[in-house]
Amino acid sequence: MKILFLDQSGKLGGAELSLGDLAKPYRNHCLVGLFADGTFRELLEHQQIPVQVLTTEAIRVKKDSGVLQSLGSMSSMLPLILKVSQIAHDYQLIYANTQKALVVGAFASLFSRRPLVYHLHDILSSDHFSLTNRRIAVTLANRFSSLVIANSQATKAAFIAAGGSPELTEVVYNGFEPNSYKTQANDSHKIRQQLGLDGKFIVGHFSRLSPWKGQHILLEALAQCPPEVSAILVGDALFGEQQYVQHLHQQVAELGLKERVQFLGFRSDIVPLMKACDLIAHTSTAPEPFGRVIVEAMLCERPIVAAAAGGVIELIEAEKTGWLFSPSDSQQLAQIITTCRNQPQQAAIMAQQAQSQASQRFNLNTVNQQIAQLLNRVIFTQSLN
Ligand code: UDP
């Protein structure tokens, strides 16, 4: 099947890492079209997946844009829409992986008469998007797409609540290759030594630095934990949240946590870093659409604690495969960190159960088969029209 994948980002967020995995089986006859250059292009090239940066013009619409701003930016997308429409003639299907890709893909689908699939990685709620942006996404998806793939039940429910068509929508979780999460125990020991954290209880946080990802909640919790509990914050501000980064550094200083918190920036060696941790914390303050980090922690056989909202509650069985806490409740988080530290056996059993469950539920091969079946259905239906 010849697929034209579209993604607005040049950076490596969860949606892009997921697309990298999905596009692999199609690499001999697909193209990933990006609306910005960056490390995502490098990753795709490294995986020998054909990729082209389709524009160097920044698309200025933001998640909280109003009507005028959105309309203005849509008209500035016209050259890109025409270019994508042209390219789409060589492909059987357009696969939009992000919201701006949906806008471009919808019109390109109309002009090129190729079916459109929209992979929805976002919760379309007021926590994350302006009313205008939600309306644009839902209207275009309902009108132009043959299929919407939601990355969790929570994402699907928010799409429907925003006016999205239930008949169009199928839930497919992100897939992972379990073998990629096996490393030598030595590597993590080395990392603990390099970080100067041997003998400490390490809580790892793996996410871009952004207010709703809630790194500040972990810092608040840390201040309520015994002094040997330390934290590593892995990830960078991907979308210009520099003020938040400053705020976090200030918070570390004010809470007297300088010796206990390390900012490691964006890293691609997630697996050995996770394995070096005693617990992984996921602290989003708004509902998380999926939460790749949670499944990755499970596959690394590390205990996980996560804020109970959005797709997260579909991933974790409370007290069986991980701990859940109320979003933004740093006191409850601190209690769970302390419980995990004091009861290593219980934590290890939970981590083992989580690993075996996650290897089955989120297996990349199965997920790729599910997606292939759905895409074949779209192509078949199109051929009948
Ligand atoms: N990640 C990474 N390096 C970092 C921080 C995060 O590779 O320094 C990866 C992380 O392992 C996960 C993805 O970025 O696979 C983030 O996906 P998630 O669904 O957790 O959040 P999103 O970025 O989509 O909001």
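Above this note sits the structure.
All of the points below concern the structure found in this document. Quick caveat: nothing in here was measured; it's all calculated off a predicted structure.

## Considering the overall build of the chain
Across its full length, the chain carries 16 helices and 13 strands. Its C-alpha atoms give the chain a radius of gyration of 21 Å, near enough to 21 Å, the size a compact globule of 385 residues would have. Dimensions along the principal axes, computed over C-alpha positions, put the chain at roughly 65 × 40 × 35 Å. Counting every position in the chain, which comprises 385 residues, the buried fraction comes to 56%. Summarising the internal contacts of the chain: among those between residues at least 6 apart in sequence, 69% fall at separations of at least 24. Element-wise, carbon and sulfur atoms account for 49% of the exposed surface of the chain, whose accessible area totals about 16600 Å². Between the centroid of the 32 positive side chains of the chain and the centroid of its 31 negative side chains there is a distance of 5 Å.

## Describing the site of the ligand
Within the structure, the ligand sits among 15 residues, and Arg208, Lys213, Arg267, Arg292 and Glu296 are positioned closest to it. Arg208 places a polar side-chain atom, nitrogen or oxygen, 3.0 Å from an oxygen atom of the ligand. At 2.9 Å, a backbone N or O of Arg292 approaches an oxygen atom of the ligand. Taken together, the elements giving at least two residues each to the shell around the ligand come down to α1 (14-23) and α12 (292-299).

## Focus: unusual backbone geometry
In the Ramachandran plot, Gln48 falls in the positive-phi region, its phi being about 55° despite a non-glycine side chain. Counting through the fold element by element, Gln48 comes out in the loop between α2 (39-46) and β3 (51-53). Of the residues examined, Gln48 reaches a relative accessible area of 61% and is grouped as exposed. Located in the positive-phi region is Glu301, a residue other than glycine, with phi close to 60°. With respect to the element layout, Glu301 can be found in the loop between α12 and β12 (304-307).

## Quick word on the pattern of salt bridges
All told, the structure shown has eleven salt bridges when counted by the stated rule. Residues Asp21 and Lys24 are paired through a salt bridge, measuring 3.7 Å at the closest nitrogen-oxygen approach. Looking at Asp21, the relative accessible area reads 15%, which means it is buried. You can call Lys24 partly exposed: its relative accessible area is 28%. The network of salt bridges with common partners includes Asp21, Lys24, Arg292 and Glu296.

## Description of a nonpolar patch on the surface
On the surface, Leu78, Leu82, Leu110 and Phe111 cluster together to form a nonpolar patch covering roughly 380 Å² of accessible area. Among the secondary structure elements, those contributing two or more residues to the nonpolar patch are α4 (78-88) and α5 (99-112). Within the element layout of this structure, Leu110 appears in helix α5. Overall, the relative accessible area of 42% leaves Leu110 in the partly exposed class.

## Considering the sheet that holds β12
Within a beta sheet, neighbouring strands are joined by backbone hydrogen bonds and run either parallel or antiparallel to one another. Judged by pairing direction, the sheet is parallel, and its six strands sit side by side in the order β10-β9-β8-β11-β12-β13 without closing on themselves. A single partner strand is all that each edge strand has here, and the edge strands are β10 (261-265) and β13 (323-325). Across this sheet, the average inter-strand angle for adjacent strands is 20°, counted without regard to direction. The sheet contact formed by β12 and β13 spans three bridges and is parallel. Its bridge partner lying in β13, Ala307 is registered against Phe325.

## A few points about the sheet that holds strand β4 (residues 93-96)
Read from one edge of the open sheet, seven strands run β3-β2-β1-β4-β5-β6-β7, paired in parallel fashion. If you trace the sheet from one side to the other, it starts and ends with β3 and β7 (169-171), each paired once. Across the sheet, the mean angle separating the axes of adjacent strands is 20° when strand polarity is ignored. Here strand β1 (residues 3-7) runs beside strand β2 (residues 30-34); their pairing, made up of five bridges, is parallel. Counterpart to Asp7 in the pairing with β2 is Leu34. This element, α4, spans β1, β2, β3 and β4 of the sheet and lies at about 160° to β1.

About the thresholds
Residues numbered from 1 in each chain as written. Predicted model: local features only at pLDDT ≥ 70, side-chain atom pairs only at ≥ 80, totals over all residues. Heavy atoms only, no water. Helix = DSSP H or I, 4+ residues; strand = E, 2+ residues; numbered from the N terminus. Rg over C-alpha atoms; globule rule 2.2 N^0.38 Å. Buried < 20%, exposed > 50% of the residue type's maximum accessible area, 1.4 Å probe, protein only. Contact = heavy atoms within 4.5 Å. Areas by Shrake-Rupley, 256 points an atom, 1.4 Å probe, with all protein chains shown as cover. Lys, Arg positive; Asp, Glu negative; His and termini not counted. Charge placed at Lys NZ, Arg CZ, Asp CG, Glu CD. Near = heavy atom within 4 Å. Polar contact = N/O pair within 3.5 Å; in protein donor to acceptor, adjacent residues only side chain to side chain. Salt bridge = Lys/Arg side-chain N within 4 Å of Asp/Glu carboxyl O. Patch = residues over 30% accessible without salt bridge, like charges linked within 9 Å, V, L, I, M, F, W, Y side chains within 5 Å. Pairing = 2+ DSSP bridges. Axes fitted to C-alpha atoms, helices over the stretch in contact; angles between N-to-C directions.

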